[in-house]
Each structure stands twice: as structure tokens, then as C-alpha cells.
Amino acid sequence: MQDLNDMLYFAEVAERGGFAAAGRALGIPKSRLSRRVAELEAQLGVRLLQRTTRTLSLTEVGEAFLRHCLAMRESAQAAQDAVAQVQSEPRGTVRVTCPVTLAQTVLARLMPVFLERYPQVRVEMQVTNRVVNVVEEGVDVALRVRTTLDDSGSMVVKRLDEGRQLLVASPAQLARQGTPRALQDLEAMDTLAMSAADGRTSLRLTGPGGRVETVQFTPRYVADDLLTLKYAALAGTGLCWLPDYLCQAELQQGSLVQLLPEWSQPPGIVHAVFASRRGLSPAVRGFLDFLGETVHGATGGAVQ
């Protein structure tokens, strides 16, 4: 049986793209790390890494072996975390990134509850719409909203909720321009959008019976912030698509009206991603469990 440490060393080298980076992460000299991986290859009787003067890449058998090494490492980390979770109360810092609108409308209400539940935990949250590299930037958990999870790469994904966007307008605008009864009616109405290429916005919508239509319009007001667009919609400036969690109260109050409910954009998935190789401390695990318990209810069961 191979030395499990050598399997760990190989996984670090493969993930970090070189012996120097892996050595720094593990606190092991590059020369020693290179020797251990070479000995592992000799024991296995195969070449796992293709080495050149400038690059390091996995062979086909190396890719297959890496998957087993990663599974072994994650199992060992999970076992350690299970013991740690029993032995100690969650404590320490959890570093989080979250999109702006989700932070303002959902996490803003949930975080005080989480911090009250775990008094020994502190949270550093970066509120940004930028896609953050979890590993390179030292983030424990990145909250994201996507229509697909295919772009999560090697990250571990925890689904939290799913939902849709709603087409809404104010009663004042509808009194001024009429209530649209079909997609083609939107062409005559003032609209809002987060972006527009050459002044035009294009949306792919799914309607009754699974029918798909692409609508194009020239928004009167473009702003890359959903909260800003909501205020404009409330003022009657134009109709727009808003996440349902952002406009539920206004719909209930009647200050916004949902239009063409039979048409929708692809559903969005709110999820947390994290790098399994970092391991889950009790604090991070507690945060993820908390999100799993509360996000669905906080968004009304639908997030976009």
C-alpha cells in the first residue's frame, strides 16, 4: 500500500501546478517534495506528471490517480472535522463573499441571527458582484447565484434555494401606458435594464407549453444595480425584471404589479461554493448549515 502522505503530496503538486507552490503550502522543501512524488511514481510503475522546464501537467493515468487522492484527502479532513466539531464550540473567523443584492436583502437579516447563535465566531463579508477566486483570495465560502452550476469547477457546491425573476411595473406607469397583455405589448412601454449592448437588451423567455421567445427592447434607463432599478420602477419610470425576493413586499402592498406571469427567465440557483481542500472548520461548517436552514425561508422559497 502506498504511503498516504505521498498521495497527499501528489495532490497538492497537481492542484497548485508545481512543486514550489505545493512546497510553500505544505511547509516542505521543494527538493524533498519532488523526490517523494518520484518515489511514488516508481512504486506505482507509471508516470503521473509530465515535466518540462516550464510546465507541469498530468498524464492520463495521473488524472485518474488524482481523483482518488482527492477523495482520500477529503475523507481524512472530514474525519478530523467531525472530531473537532464534537470537541469544540465553533469559533474563529469565517470569510465570505456575497453578491450585492443578496447581501442587502437576505444576508443582512440573517447574519445577526447567525452571530447571536455562535458568539465565538466572527464574520468578514466582502459584498461584491465580482467572481472571487476562493482559493487564491483566502475565502471560506462564496455565495453565488447562477442559472447553472456547471461553472463551479472543482469547488464543492451547496445548493440553498432556487427561484425566478418577475416582470413588474408601478400602477402609475400602467395607468400612463396601459397594461401589457402579450409580449409584443412591451415594445410600446418604457423599460429598465441592468445592461444594454448598443442601446438594446435581449432576453430569452419561456412561456406557456414551454414555448421560447427572445424579446428585444431599448431600455430608457440602464443601471447595473437592482435596488436602483427597483426605485425607478416604483417611481413609474419603467417596467423591469426584478428578483422575487427583492420585490415581494411591494407586490403585497400593491406599489408594484407583476406582469405576464406566464413568461419567465431561466430559474436561478443560489448556492455556496467552497474549496474542499481547505477543510471545514466547525465555524465554517456551522455557517453552511445555518445557510441551509434559513436562506430558503428568508427568500420566500425563490431567489434569482
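In case you missed it, the structure is sitting above this.
Residues numbered from 1 in each chain as written. Predicted model: local features only at pLDDT ≥ 70, side-chain atom pairs only at ≥ 80, totals over all residues. Heavy atoms only, no water.

J.: Go over the pattern of salt bridges with me, naming the residues and quoting the values.
T.: As enumerated under the stated definition, the model contains 13 salt bridges in all. In this structure, Asp190 engages Arg176 in a salt bridge whose closest nitrogen and oxygen atoms are separated by 3.2 Å. Placement of Asp190 in the loop between α6 (171–177) and β8 (192–193) and of Arg176 in helix α6 is noted, with a sequence separation of 14 residues between them. Overall, Asp190 belongs to the buried group, its relative accessible area being 19%. Residue Arg176 is classed as partly exposed on the basis of its relative accessible area of 46%. Here Arg220 and Asp190 are joined by a salt bridge, their closest N and O atoms 3.5 Å apart. (Salt bridge = Lys/Arg side-chain N within 4 Å of Asp/Glu carboxyl O. Helix = DSSP H or I, 4+ residues; strand = E, 2+ residues; numbered from the N terminus. Buried < 20%, exposed > 50% of the residue type's maximum accessible area, 1.4 Å probe, protein only.)

J.: Residues and numbers for the pairing of strand β14 (residues 268–274), please.
T.: Counted residue by residue, β14 has seven buried out of seven residues, so it is predominantly covered. Residues Gly268, Val270, Ala272 and Phe274 point to one face of β14 and Ile269, His271 and Val273 to the other, with burial holding for every one of them. Here five bridges tie strand β5 (residues 141–146) to β14, and the two strands are oriented antiparallel to one another. Directly across from Arg146, in β14, lies its bridge partner Ile269. Direction of pairing for strand β6 (residues 156–163) relative to β14: antiparallel, over a ladder of seven bridges. Within the sheet, the bridge partner assigned to Asp161 lies in β14 and is Val270. (Pairing = 2+ DSSP bridges.)

J.: Account for the pairing of strand β7 (residues 165–169), with residues named and values stated.
T.: For β7, a buried count of five out of five residues is recorded, marking the element as mostly surrounded by other parts of the structure. Across the two faces of β7 the burial is the same, with Gln165, Leu167 and Ala169 and Leu166 and Val168 all buried. In terms of strand pairing, β7 meets strand β12 (residues 240–243) through four bridges, oriented antiparallel. Across the sheet, Leu167 pairs through a bridge with Trp241, a residue of β12. Judged from the three bridges that link them, β7 and strand β13 (residues 257–259) form a sheet pairing that is antiparallel. The residue bridging Leu167 from the neighbouring strand is Leu259, located in β13.

J.: Describe the packing of helix α1 (residues 4–16) against helix α2 (residues 19–26), listing the residues and the values that go with them.
T.: Direction vectors running N to C along α1 and α2 enclose 125°, while the axes themselves pass 8 Å from each other. Comparing their axes, α2 and α1 come out oblique. With respect to the hand of their crossing, α1 and α2 are arranged in right-handed fashion. Contacts between α1 and α2 pair Tyr9, Glu12, Val13 and Arg16 from the former with Phe19, Ala21, Ala22, Ala25 and Leu26 from the latter. When its residues are assigned to classes, the contact of α1 with α2 shows seven nonpolar, no polar and two charged. (Axes fitted to C-alpha atoms, helices over the stretch in contact; angles between N-to-C directions. Parallel < 35°, antiparallel > 145°, perpendicular 65-115°, else oblique. Left-handed = near helix turned anticlockwise from the far one by under 90°. Contact = heavy atoms within 4.5 Å. Nonpolar A, V, L, I, M, F, W, Y, C, P; charged D, E, K, R; others polar.)

J.: Which residues make up the environment of Arg32, and what values go with them?
T.: Topologically, Arg32 is positioned in helix α3 (residues 30–44). In this structure the C-alpha to C-alpha distance between Arg32 and Gln265, which are 233 residues apart in sequence, comes to 54 Å.

J.: Give me the sheet that holds strand β3 (residues 92–98): which residues, what numbers.
T.: Ordered in space as β4-β3-β5-β14-β6, the five strands form an open sheet in which the pairing is mixed. If you trace the sheet from one side to the other, it starts and ends with β4 (121–127) and β6, each paired once. Taking the axes of each pair of neighbouring strands and ignoring which way they run, one obtains an average angle of 20° across the sheet. One ladder, built from seven bridges, connects β3 with β4; its direction is parallel. Across the sheet, the residue bridging to Cys98 is Val127, located in β4.

J.: Any details on the environment of Asp185? Residues and values, ideally.
T.: If you trace the backbone, Asp185 turns up in the loop between α6 and β8. A polar contact is formed between the side chain of Asp185 and the backbone nitrogen of Arg181, at a distance of 2.8 Å. (Polar contact = N/O pair within 3.5 Å; in protein donor to acceptor, adjacent residues only side chain to side chain.)

J.: Can you tell me about the sheet that holds β12, naming the residues and giving the values?
T.: Strand order in the open sheet formed by three strands is β12-β7-β13, with antiparallel pairing between adjacent strands. The open sheet has two free edges, formed respectively by β12 and β13, since each of these has just one partner strand. Sheet twist, expressed as the mean angle between neighbouring strand axes with direction ignored, is 55°. Its contacts with the sheet place helix α8 (residues 244–253) against β7, β12 and β13, and it is angled at close to 100° to β12.

J.: For the side chain of Glu12, give the residues involved together with the corresponding values.
T.: In this structure, Glu12 sits in helix α1. Its relative accessible area of 7% is what places Glu12 among the buried residues. Among the polar contacts made by the side chain of Glu12, one reaches the side chain of Arg73 at a distance of 3.2 Å. Apart from residues no more than four positions distant in its own chain, Glu12 is found in contact with Ala22, Ala25, Leu26 and Arg73.

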